[in-house]
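# Summary of structural features
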Amino acid sequence: MAHSHLAEQSGASLRTPILRGVVFGGLSVVAPLGFWWLDQATVHALSIALIAAVYVGFAVADGRPKVLVVETLVALVFVVLAAAAVTETAWLLVVAYTAHGVKDLWQHRTHFVANTWWWPPFCLTVDWIVAAILVIEITAGVAFHSR
């Protein structure tokens, strides 16, 4: 059965990207264990920069120059925020993940980048799960920087 645009917006069709976001969010939280030689802050900074850059790829596929410029500038802001989080407070990672989730919510509501109906709910779920767990880790005293 073919999905209409309205079906794509329904709760049932969003269930799959959200559930996948829960799984991927959980994996993202433990990702620093796979990069034991890097500070946890560095791994999360690389992750948020990569997550933000995905929209640049979607903007290229969209094909509109305005969308490409806007998404490239937004990704650049997240790269700068991530770079600051490498040496500064881990709270910047919480800000970055939370802000990117807000950006995902905006994208979901506006469809600024075409043909991404499934990505924003997936990515928002990942972003906010990671942000919430980072808050717990920071307040529990987990070290994000070894130096």
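Scroll up a little and you will see the structure.
Report follows, based on the coordinates. Remember, predicted model here, so these are calculated numbers, not experimental data. (Residues numbered from 1 in each chain as written. Predicted model: local features only at pLDDT ≥ 70, side-chain atom pairs only at ≥ 80, totals over all residues. Heavy atoms only, no water.)

### Description of helix α4 (residues 65-87)
Across its 23 residues, α4 extends 34 Å between first and last C-alpha, which sits within 8% of the 33 Å expected from 1.5 Å per residue. Against the buried residues of α4 lie α3 (40-62) and α5 (91-110). (Helix = DSSP H or I, 4+ residues; strand = E, 2+ residues; numbered from the N terminus. Expected span 1.5 Å × (residues − 1). Contact = heavy atoms within 4.5 Å.)

### Some points on helix α6 (residues 119-139)
Along its 21 residues, α6 runs 30 Å from first to last C-alpha, staying within 8% of the 30 Å computed at 1.5 Å per residue. Gly 141 sits one or two positions beyond α6 and adopts a positive phi of about 95°.

### A look at the pattern of salt bridges
Per the counting criterion, the structure on display carries two salt bridges. A salt bridge links Arg 64 to Asp 62; its shortest N-O distance comes to 2.7 Å. Glu 71 serves as the salt-bridge partner of Lys 103, at 2.8 Å between the closest nitrogen and oxygen. Here Glu 71 lies in helix α4 and Lys 103 lies in helix α5, a separation of 32 residues in the sequence. In this structure Lys 103 comes out as buried when scored by relative accessible area, which is 10%. (Salt bridge = Lys/Arg side-chain N within 4 Å of Asp/Glu carboxyl O. Buried < 20%, exposed > 50% of the residue type's maximum accessible area, 1.4 Å probe, protein only.)

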